[in-house]
Amino acid sequence: MKKLTILFLTPFFLLISCGQVNIEDDCSVNGNGVVSCTFENTGNKKGAICITASLEKSRAKSDYDYSFYGDMGDVIKTADTLCSGLVEPMDVKERSKSMTFFGGPYGSVSPSKWCRLDNEYSNWFDGCYFTTSPEEK
């Protein structure tokens, strides 16, 4: 009977110990550079991730209020990361952090100045694509 119990528990133990972490982020940024994220772990093992954020210009240089900050396709990126902390399986963590965006010769730039179009009817973010990516290790 002991052998049967051990044989039965072994596959169960291997199934539990070989779980996977699957943390997805859903983030946004405000004009001052505060990045807010919801991290959801849909996996079956606890874990953590860190992300960097970036803003890419989506229009021609002449369309921007601060046109000297670059042209279509130019990117500013956070030097720092925002981390989820430990997220249990099937759990959600929310995090916010004030982050500084940098871009090549432009130095430190606020998201609102980088993305603002020269149009009184647009929002500050209308001139950019906001993306996040996992921290490079």
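Located above this text is the structure these notes cover.
Everything quoted here is computed from the prediction, not taken from an experiment. (Residues numbered from 1 in each chain as written. Predicted model: local features only at pLDDT ≥ 70, side-chain atom pairs only at ≥ 80, totals over all residues. Heavy atoms only, no water.)

Peer 1: Mind showing me how you'd approach the pattern of salt bridges here?
Peer 2: Opposite charge on two side chains lets them pair, provided their charged atoms get close. Tallying each qualifying case throughout the model produces one salt bridge. Note that Asp80 and Lys97 form a salt bridge whose closest N and O atoms lie 2.7 Å from each other. In this pair, Asp80 is assigned in the loop between β4 (75-78) and β5 (82-83) and Lys97 in strand β6 (residues 91-98), connecting sequence segments 17 residues apart. Overall, the relative accessible area of 29% leaves Lys97 in the partly exposed class. (Salt bridge = Lys/Arg side-chain N within 4 Å of Asp/Glu carboxyl O. Helix = DSSP H or I, 4+ residues; strand = E, 2+ residues; numbered from the N terminus. Buried < 20%, exposed > 50% of the residue type's maximum accessible area, 1.4 Å probe, protein only.)

Peer 1: Before we go on, may I ask you to explain the state of the cysteines in this structure?
Peer 2: Each disulfide consists of one covalent bond between the sulfur atoms belonging to two cysteines. With the rule as written, the count across this model stands at three disulfides. What pairs with Cys27 in a disulfide is Cys37, and their sulfur atoms sit 2.0 Å apart. Since a negative S-S torsion denotes a left-handed disulfide, the Cys27-Cys37 link at about 115° is right-handed. Remark: Cys37 occurs in strand β2 (residues 34-41) and Cys27 occurs in strand β1 (residues 23-29); sequence separation between them is 10 residues. Taking the relative accessible area as the measure of exposure, Cys37 reaches 3% and is therefore buried. In this model Cys115 forms its disulfide with Cys128; the gap between the sulfur atoms is 2.1 Å. On the S-S bond that ties Cys115 to Cys128, the torsion sits near -100°, and the link is left-handed. Taken as a pair, Cys115 in helix α2 (residues 111-115) and Cys128 in strand β9 (residues 128-134) lie far apart in primary sequence, 13 residues in all. What links to what in the protein chain: the bonded cysteines, counted in sequence order, pair as 1-2, 3-4, 5-6. (Disulfide = S-S within 2.5 Å.)

Peer 1: Which parts of the structure should I look at to understand the sheet that holds β2?
Peer 2: In a beta sheet, neighbouring strands pair by backbone hydrogen bonds and run either parallel or antiparallel. Spatial strand order, β1-β2-β6: three strands in an open sheet with antiparallel pairing. A strand with exactly one partner marks an edge of an open sheet, and here the two such strands are β1 and β6. Put simply, the sheet's adjacent strands are angled 15° from each other on average, direction ignored. Across eight bridges, the pairing between β2 and β6 is antiparallel. By the bridge assignment for β6, Cys37 is matched with Arg95. (Pairing = 2+ DSSP bridges. Axes fitted to C-alpha atoms, helices over the stretch in contact; angles between N-to-C directions.)

Peer 1: How should I be thinking about the side chain of Ser58 in this particular structure?
Peer 2: Residue position: Ser58 is located in the loop between β3 (50-57) and β4. Discounting residues that sit within four places of it in the chain, Ser58 has contacts with Tyr64, Met72, Asp126, Gly127, Cys128 and Tyr129. (Contact = heavy atoms within 4.5 Å.)

Peer 1: In this structure, what is going on with the environment of Met99? I would like to understand it.
Peer 2: Along the chain, Met99 turns up in the loop between β6 and β7 (101-102). Residues Met99 and Gly33 lie 66 residues apart in sequence; the distance between their C-alpha atoms is 5.4 Å. If near-sequence neighbours (up to four positions away) are discounted, Met99 is found in contact with Gly33, Val35, Thr78, Asp80, Thr81 and Leu82.

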